[in-house]
Amino acid sequence: MNWYSVGLAAASGGLAALVARLIFGKTSDKKRAYIMAVVILFVVFNTLAERFILPRFNAQNAKAEIEAVFNQTPAFATIKEYEPQVYQQLVDTLTNAVGKGYTQQQLIDLLRSQIAALVASRMPHASDDAIVTYMQVMLVEMEELQQKGDGLCYKLLFPQVDGGINGQTDFSEETQNRDMLALIEIIKTSNTEKAIPTRSDVMPFVEPVLVELRNSFGDD
């Protein structure tokens, strides 16, 4: 039950009765007209409340619930500490999505895409150990998804094509914890002053891998 809606309905009823009394007076002999006015005013006030006031209350409630969950999750607590603007953006984005009626899976997909964008922006500046650990965890995740089948690996890598995955159900608890710790290290060790290797620096290491992949699986 939405108690905000119940409260607004009660307030609308009280306001309707008050306005009707101001129109007809305390001792009105036009009881039928008085009752009709109360009913009509209640419908008007309650409709306006449902349209303009209730969404704000629901949004505030959703935002409070999202922040409560985030505050209990170490990864989001770290984001809040090191990237407060990103943290607020995550909260606002999810709050707006809840207001639009997103399903649980849609909210999960949205959150994962936001986190992926954060990781992509911070990974080049993170420590080597943090980067290696994060990629190792990602490989473990892919191995777990591969065992389950159903194209889950593809959904992990390309959520924009066929929807994403639900990490809470698709990954083991151990892998979920490792993912969280790896994300924390990416954020904590991110240093924007760190020199990022150029393409020419890394291609000698990447090309042998690409050649091996092409020889094993073809151009695709």
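Overview of the structure.

Turning our eyes to something else, we now look at the overall build of the protein chain. Within the protein chain, the secondary structure is distributed over eleven helices and zero strands. Counted from the first residue to the last, the protein chain has its helices and strands arranged as α-α-α-α-α-α-α-α-α-α-α. Looking at the 220 residues of the protein chain, the share that counts as buried comes to 27%. The long-range share in the protein chain, meaning contacts at least 24 apart out of those at least 6 apart in sequence, stands at 64%. Summing over all exposed atoms, the protein chain offers an accessible surface of approximately 15000 Å²; the carbon and sulfur share of this is 57%.

By the secondary structure assignment, Leu-90 is in helix H4 (residues 84–99). Taking the C-alpha atoms as reference points, Leu-90 and Lys-80, separated by ten residues in sequence, lie 9.9 Å from one another. Sequence-distant contacts of Leu-90, defined by excluding residues within four places in its chain, comprise Phe-70, Phe-76, Ile-79, Leu-111, Gln-114 and Ile-115.

Right, let's get into the packing of aromatic side chains. Inspection of every chain in the model, using the stated rule, returns three aromatic pairs. Centre to centre, the rings of Tyr-154 and Phe-158 are 5.1 Å apart; their planes meet at 40 degrees, and the pair counts as tilted. Chaining the aromatic ring pairs together yields one cluster made of Phe-70, Phe-76 and Tyr-87.

Next up on the list: the packing of H4 against helix H5 (residues 104–122). In the contact formed by H4 and H5, the axes pass within 10 Å of each other and the chain directions differ by 160 degrees. On the basis of the axis angle, H4 is roughly antiparallel to H5. The interaxial crossing formed by H4 with H5 has right-handed handedness. Of the residues in H5, those in contact with Val-86, Gln-89, Leu-90, Thr-93, Leu-94, Ala-97 and Val-98 of H4 are Leu-107, Leu-110, Leu-111, Gln-114, Ile-115 and Leu-118. Along the lines of polarity and charge, the residues of the contact of H4 with H5 split into ten nonpolar, three polar and no charged.

Its 19 residues give H5 an end-to-end C-alpha distance of 27 Å, which sits within 8% of 27 Å, the value for a rise of 1.5 Å per residue. Along H5, the positions that sit buried rather than exposed are Leu-107, Ile-108, Leu-110, Leu-111, Ile-115, Leu-118, Val-119 and Arg-122.

What follows deals with the packing of helix H6 (residues 128–148) against helix H10 (residues 173–188). As a packed pair, H6 and H10 sit with axes 9 Å apart at the nearest point and diverge in direction by 155 degrees. One element, H6, and the other, H10, form an angle in the roughly antiparallel class. The interaxial crossing formed by H6 with H10 has left-handed handedness. Between H6 and H10, the residues in contact are Ala-130, Ile-131, Thr-133, Tyr-134, Val-137, Val-140, Glu-141 and Glu-144 and Thr-175, Arg-178, Asp-179, Ala-182, Leu-183, Glu-185 and Ile-186, respectively. A per-class count over the contact of H6 with H10 returns eight nonpolar, two polar and five charged.

The next thing to look at is the pattern of salt bridges. In total, this model carries two salt bridges according to the counting rule given. Across the salt bridge formed by Arg-122 and Glu-83, the nearest N and O atoms sit 2.7 Å from each other. With a gap of 39 residues between them, Arg-122 in helix H5 and Glu-83 in the loop between helix H3 (74–82) and H4 connect regions that are remote in the sequence. In this structure Glu-83 comes out as buried when scored by relative accessible area, which is 16%. The salt bridge involving Asp-219 is made with Arg-214; its shortest N-O contact spans 3.6 Å. The class of Arg-214 is partly exposed, set by a relative accessible area of 43%.

Definitions and limits used
Residues numbered from 1 in each chain as written. Predicted model: local features only at pLDDT ≥ 70, side-chain atom pairs only at ≥ 80, totals over all residues. Heavy atoms only, no water. Helix = DSSP H or I, 4+ residues; strand = E, 2+ residues; numbered from the N terminus. Buried < 20%, exposed > 50% of the residue type's maximum accessible area, 1.4 Å probe, protein only. Contact = heavy atoms within 4.5 Å. Areas by Shrake-Rupley, 256 points an atom, 1.4 Å probe, with all protein chains shown as cover. Phe/Tyr/Trp six-rings, centres within 6.5 Å; stacked < 30°, edge-to-face > 60°. Axes fitted to C-alpha atoms, helices over the stretch in contact; angles between N-to-C directions. Parallel < 35°, antiparallel > 145°, perpendicular 65-115°, else oblique. Left-handed = near helix turned anticlockwise from the far one by under 90°. Nonpolar A, V, L, I, M, F, W, Y, C, P; charged D, E, K, R; others polar. Expected span 1.5 Å × (residues − 1). Salt bridge = Lys/Arg side-chain N within 4 Å of Asp/Glu carboxyl O.

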